[in-house]
Amino acid sequence: MSVRIGDEAPDFTAETTEGTLKFHEWIGNGWAILFSHPKDFTPVCTTELGYMAGLKPEFDKRNTKIIGLSIDPVSDHKNWVKDIQETQGHAVTYPLIGDPDLTVAKLYDMIHPNASGGKRTAVDNATVRSVFVIGPDKKVKAMLVYPMSTGRNFDEVLRLLDSCQLTAKHSVATPVNWKPGQDVIIPPAVSDDDAKKKYPQGFKTLKPYLRVVAQPK
């Protein structure tokens, strides 16, 4: 199956480094970031998992849980996290899903549907480098997919989350390179009359279809 923005994130039960987990139940009433890796003990992924461990307090502030997935059993994950802490300086304090049978990877369309489990190399799992931003309603709000050779920018994932949370709460959109605290865009679907009521402090009209306003609190 294909997973698209707006779809309900597929639910699953899996073994993780923090025990058996039912995904939707684990998400609860908050947000979640599911990010996948092709294999344990791979260099780029080691740096990524360590960086996410350092960013975890920022996700906590945003009522967002983070969870990793790798095409290896949980027993391997528990050995890998020791390397991550040693080399990256951060302990992994979020769960890692064991997916040796590729069940979750296929559920989220992160790998070729004909792929099989067993002894696979990172190259075999090349498509399993995805990020899913999932809302409290359990729907997919955003997705990112990276190649094997490029480490993901998790600062961008945090910025993306900030935008998703802001636009879910207010009738606004965020412009190119937006950062929290900067002006936002009033969508064309909001009329000028409604915008004047919603933003009595005023807004700037650059073009009839391009109106900017201070970020709502």
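Values in this document were obtained by computation on a predicted structure and should not be read as measured data.

Along the protein chain, the regular secondary structure elements total six helices and 10 strands. Principal-axis analysis of the C-alpha atoms gives the protein chain an extent of 60 × 35 × 30 Å. Looking at the protein chain as a whole, 46% of its 217 residues qualify as buried. Total accessible area on the protein chain stands at roughly 11,100 Å², and carbon and sulfur atoms take up 52% of it. Of note, the protein chain has its 27 positive side-chain charges centred 7 Å away from the centre of its 26 negative side-chain charges.

It is worth spelling out the side chain of T16 at this point. Tracing the chain through its elements places T16 in strand β1 (residues 13-16). The class of T16 is buried, set by a relative accessible area of 4%. From its side chain, T16 meets the backbone nitrogen of E18 in a polar contact 2.9 Å long. At 2.7 Å, the side chain of T16 and the backbone oxygen of G19 are in polar contact. Excluding its chain neighbours within four sequence positions, the residues that come into contact with T16 are L21, V74, P95, L96, I97 and G98.

What follows concerns unusual backbone geometry. For N63, which is not glycine, the phi torsion reads 55° and is therefore positive. You will see that K138, though not glycine, has its phi angle at about 70°, which is positive. As for its placement among the helices and strands, K138 is situated in the loop between β6 (130-134) and β7 (140-145).

Applying the stated rule across the entire model yields 10 salt bridges. The residue K141 makes a salt bridge to D137 at a minimum N-O spacing of 2.9 Å. The exposure class assigned to K141 is partly exposed, which follows from its relative accessible area of 28%. A network of salt bridges, in which partner residues are shared, links E58, K61, R62 and D162.

The rules behind each value
Residues numbered from 1 in each chain as written. Predicted model: local features only at pLDDT ≥ 70, side-chain atom pairs only at ≥ 80, totals over all residues. Heavy atoms only, no water. Helix = DSSP H or I, 4+ residues; strand = E, 2+ residues; numbered from the N terminus. Buried < 20%, exposed > 50% of the residue type's maximum accessible area, 1.4 Å probe, protein only. Areas by Shrake-Rupley, 256 points an atom, 1.4 Å probe, with all protein chains shown as cover. Lys, Arg positive; Asp, Glu negative; His and termini not counted. Charge placed at Lys NZ, Arg CZ, Asp CG, Glu CD. Polar contact = N/O pair within 3.5 Å; in protein donor to acceptor, adjacent residues only side chain to side chain. Contact = heavy atoms within 4.5 Å. Salt bridge = Lys/Arg side-chain N within 4 Å of Asp/Glu carboxyl O.

Note that every value here comes from positions in space, so none of it alone points to a role or purpose.
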